[in-house]
Amino acid sequence: MSDLHVYDTTLRDGAQQEGLNLSVADKLTIASHLDDLGVGFIEGGWPGANPKDTEFFARAATDLTLKNATLAAFGATRRVGGSAATDPLVRALLDSQASVVTVVAKSHIGHVERALRTTPEENLEMIRDTVSFLRGEGRRVFLDAEHFFDGYAVDRAYALEALRAAAESGAEVLALCDTNGGMLPSHIGDVVADVADALGVAGATGTDTRLGIHCHNDTGCAVANSMVAVDAGATHVQGTVNGYGERTGNANLVTVVANLQLKQGVQLIEPHRLQESTRISHAISEVTNVPAYSRQPYTGASAFAHKAGLHASAIKVDPDLYQHLDPKHVGNDMRMLISDMAGRASIELKARELGLDLDPTSAEDSALVQRVLATVKELELRGYTFDAADASFELLLRREVEGALPDFFQVESWRVITDSQSQGDALSEATVKLTTGGRRVLRTGEGNGPVNALDHALRLALATAYPEIEHLELIDYRVRILDAAHGTDAVTRVLIETSDGETTWETIGVAANILEASWDALVESVTYGLLRAGVPVR
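Residues numbered from 1 in each chain as written. Predicted model: local features only at pLDDT ≥ 70, side-chain atom pairs only at ≥ 80, totals over all residues. Heavy atoms only, no water.

### Regarding the layout of surface pockets
Move 1: Here the second largest pocket is characterised by a volume of approximately 410 Å³.
Move 2: Looking at the second largest pocket, it is lined by 24 residues, and the ones nearest its centre are Trp-46, Phe-74, Ala-76, Val-104 and Glu-146.
Move 3: At the level of elements, strand E3 (70-76), strand E4 (100-106) and strand E5 (140-146) are the ones that each hand at least two residues to the lining of the second largest pocket.
Move 4: Of the residues in the lining of the second largest pocket, the class split is ten nonpolar, five polar and nine charged. (1 Å grid on protein atoms, 1.4 Å probe; cavity = no way out; pocket = protein on both sides within 12 Å on 5 of 7 lines; lining within 4 Å. Points joined across faces, edges and corners; volume = space filled by probe spheres on them. Helix = DSSP H or I, 4+ residues; strand = E, 2+ residues; numbered from the N terminus. Nonpolar A, V, L, I, M, F, W, Y, C, P; charged D, E, K, R; others polar.)

Now the structure itself:
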């Protein structure tokens, strides 16, 4: 393994993202996931600054068992005119019991004079006093030099002096922060190289102090800036999972690690842990309740998805022709998307992905592929989009390959009534008539909207014959008007996402009537769920 530090700050800096609010239990769960990923350090928060972070460190002492990572507490230098030994926030860092303390300090002369409202000399003394005190109490100390790159541009000598004050007092890491996120790679590389030379720091050797990098993504360059900093001599990289953070976020630590390890051969974490990165990235998204970004490098659902027929033809020969690496290295997988851009190779590869092997040398299978391709293109012309509804495409393909789908139920009719009282909310009632389990069933369901009512009525009608339906949950519902110029009589596309508690799938319905489109998507969703679970027709 490389000596380079992998330092995660999801629980502190990442938690500053707009709309992201983590409970103590959430933070403990995320910390366990980060430990499984194999990061070296987990910054847990700012004890003493807010009760939640103080409680996190208290509970971490008994509820969190870390096998790979070291927990770090974040704080600031002591107050102007005070003493580190008596500063309550510095004492709270000791009370956290964290063996590593990361202290943020001013390195920008303008911030010292206008934000701290003190002298340059007093700021340097604040750094020396705080670092020396914490080191004297047996803590490892990392320094976050706030606004370093902006400060370097204004007064290089003072920015370097702030770093020297920390290093001479015992700081183990000097992390250079692009706090405003405005830097570009060429500038980052030049400054880090200059700092390494000026301080006599050559990677992790030369002195007992190492340089670190902490980048925000306001120019879209956080990952690139982090990579350039490592090339220039930084041996400590900070970032967040999924690039969480305020404004446009922080450097995505998973992307940085994957780039360094898979592209440059720098072994940062064990390969089997890197192979867990997609699962962990998505698991943390579930905890934060921030939807996973499908086009995220390496771990996104679309990172290795292929839509164009030309791509599919090449991938059929060799997957590496249109992929920059094997997705299994990061625990992801290649996906074929079916659309009106699809060719024969796309259909054949998708069938193979679904476990339906088609023989390209067989005239019968070739004719089947051609029929499926023609059907897909005709349906997409009408508004369907199978690249967003894999489950619906699988049902279409199985109908062609197997002749028909399992006949779990036969729908006779359905209807929906919505009633609104002058002083109350509108409520919907749906009635479904179908045959299942050898008998005719009529059920009525209520809901806060017509689709909700239809969903309830369908579940009630199927519950006796298929109790497995209880595990299926509609988790997302999306509507798009396809030809808005037609006004209220426009064609509507409905996408429904369903979960069985382990995985999710999407189905599609298209019709001039929004309820008809919703019903079609609902029926396909249930059919796919029962088929996937291996439930027999009853």
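### With respect to helix H10 (residues 253-263)
Move 1: In terms of residue burial, H10 counts as a mostly covered element, since nine of its eleven residues are buried.
Move 2: Along H10, the residues that are buried comprise Leu-253, Val-254, Thr-255, Val-256, Val-257, Ala-258, Asn-259, Leu-260 and Gln-261.
Move 3: Looking at the buried residues of H10, the elements they touch are strand E1 (5-8), helix H1 (24-37), helix H9 (222-232), strand E8 (236-239), helix H11 (271-274) and helix H12 (277-288).
Move 4: Gly-265, located one to two residues past H10, shows a positive phi value of around 75°. (Buried < 20%, exposed > 50% of the residue type's maximum accessible area, 1.4 Å probe, protein only. Contact = heavy atoms within 4.5 Å.)

### Let's talk about the sheet that holds strand E6 (residues 173-178)
Move 1: Strand order around the closed barrel formed by eight strands is E1-E2-E3-E4-E5-E6-E7-E8, with parallel pairing between neighbours. The mean inter-strand angle of the sheet, taken between neighbouring strand axes irrespective of direction, is 25°. (Pairing = 2+ DSSP bridges. Axes fitted to C-alpha atoms, helices over the stretch in contact; angles between N-to-C directions.)

### Brief notes about the packing of aromatic side chains
Move 1: Enumeration over the complete set of coordinates arrives at ten aromatic pairs.
Move 2: Here Phe-148 and Phe-149 contribute two aromatic rings whose centre-to-centre distance is 5.7 Å and whose plane-to-plane angle is 85°, an arrangement assigned as edge-to-face.
Move 3: Accessibility expressed as a relative area gives 0% for Phe-149, which makes it buried.
Move 4: Residues Trp-505 and Tyr-528 carry aromatic rings whose centres are separated by 5.3 Å and whose planes lie at 55° to one another, so their mutual orientation is tilted. Of this pair, Trp-505 sits in strand E16 (residues 504-511) while Tyr-528 is found in helix H18 (residues 514-532), placing the two residues 23 residues apart along the sequence.
Move 5: For Trp-505, a relative accessible area of 5% gives the class buried.
Move 6: Taking the relative accessible area as the measure of exposure, Tyr-528 reaches 12% and is therefore buried.
Move 7: Here the aromatic residues Tyr-7, Phe-41 and Phe-142 are joined through ring pairs into a cluster of three or more.
Move 8: The residue whose ring lies beneath Lys-27 is Phe-56, and the NZ or CZ to ring-centre distance is 5.2 Å. (Phe/Tyr/Trp six-rings, centres within 6.5 Å; stacked < 30°, edge-to-face > 60°. Lys NZ or Arg CZ within 6 Å of the ring centre and 35° of its normal.)

### Describing the sheet that holds strand E13 (residues 439-447)
Move 1: With antiparallel pairing, three strands are arranged side by side in an open sheet as E11-E12-E13. The two strands at the open ends of the sheet, each matched to only one other strand, are strand E11 (410-419) and E13. For this sheet the average axis-to-axis angle between neighbouring strands, irrespective of direction, equals 10°.
Move 2: Here helix H17 (residues 450-462) sits on the sheet and contacts E11, strand E12 (427-436) and E13; the angle it forms with E13, its principal contact strand, is near 145°.
Move 3: Those strands touched by H18 are E11 and E12, and its axis lies near 135° from that of E11.

### Thoughts on the nonpolar core
Here is a general trend for soluble globular proteins: nonpolar side chains tend to be buried in one another's company.
Move 1: With 86 residues, the main nonpolar core has Leu-134, Phe-148, Phe-149, Leu-163 and Val-195 as its most contacted residues.
Move 2: Grouped together as the second largest cluster of nonpolar side chains are 34 residues, Val-432, Val-494, Trp-505 and Ala-511 included. (Core = buried A, V, L, I, M, F, W, Y, C linked by side-chain atoms within 4.5 Å.)

### With respect to a nonpolar patch on the surface
Move 1: There is a patch of nonpolar side chains on the surface, built from Val-479, Ile-481 and Ile-514 and spanning about 220 Å² of accessible area.
Move 2: Within the secondary structure, Ile-514 is located in helix H18. (Patch = residues over 30% accessible without salt bridge, like charges linked within 9 Å, V, L, I, M, F, W, Y side chains within 5 Å. Areas by Shrake-Rupley, 256 points an atom, 1.4 Å probe, with all protein chains shown as cover. Salt bridge = Lys/Arg side-chain N within 4 Å of Asp/Glu carboxyl O.)

### Quick notes on the pairing of E12
On a regular strand, each side chain points to the face opposite its neighbour's, so the side chains alternate between the two faces of the sheet.
Move 1: The pairing of E11 with E12 spans nine bridges and is antiparallel. From the neighbouring strand, Thr-418 faces E12, where its bridge partner is Ser-428.
Move 2: Adjacent in sequence and paired antiparallel, E12 and E13 are bridged by two residues, among which Gly-437 carries a positive phi angle near 60°.

### Looking at the environment of Ala-198
Move 1: When you line up the elements, Ala-198 lands in helix H8 (residues 185-199).
Move 2: For the pair Ala-198 and Arg-164, spaced 34 residues apart in sequence, the C-alpha separation works out to 9.9 Å.
Move 3: Excluding anything up to four places from it in sequence, Ala-198 contacts Arg-156, Leu-160 and Arg-164.

### Brief notes about empty space enclosed by the protein
Move 1: The final tally for this structure, using the stated rule, is two cavities of 30 Å³ or more.
Move 2: In this structure, the largest cavity encloses a volume near 60 Å³.
Move 3: Here the element with the most residues in the lining of the largest cavity is H18; it accounts for three residues.
Move 4: Among the residues forming the lining of the largest cavity, the class breakdown is four nonpolar, two polar and two charged.
Move 5: Estimated volume of the second largest cavity: approximately 40 Å³.
Move 6: What lines the second largest cavity is simply Val-6, Leu-37, Val-39, Leu-253, Val-254, Val-257 and Ile-269.
Move 7: Looking at the lining of the second largest cavity, the element that brings in the most residues is H10, giving three residues.

### A few points about the pattern of salt bridges
Two side chains that carry opposite charge are able to pair once their charged atoms sit near each other.
Move 1: Inspection of the entire model under this criterion finds 25 salt bridges.
Move 2: In this structure, Arg-399 and Glu-524 form a salt bridge, with 3.3 Å as the shortest nitrogen-oxygen distance. Of the two residues, Arg-399 sits in helix H16 (residues 390-402) while Glu-524 sits in helix H18, which places them 125 residues apart along the sequence.

### Here's the deal with the packing of H9 against H10
Helix packing geometry: the angle between the two helix axes and the distance between the axes.
Move 1: One way to put it is that H9 packs onto H10 with a least axis distance of 10 Å and a crossing angle of 45°. The angle between the axes of H9 and H10 places the two elements in the oblique class. In this structure, the crossing between H9 and H10 has a hand that is right-handed. Counting all contacts with H9, which are made through Val-223, Ser-226, Met-227 and Val-230, the residues of H10 involved are Thr-255, Val-256, Asn-259 and Leu-260.
Move 2: For the contact of H9 with H10, the class distribution of residues is five nonpolar, three polar and no charged. (Parallel < 35°, antiparallel > 145°, perpendicular 65-115°, else oblique. Left-handed = near helix turned anticlockwise from the far one by under 90°.)

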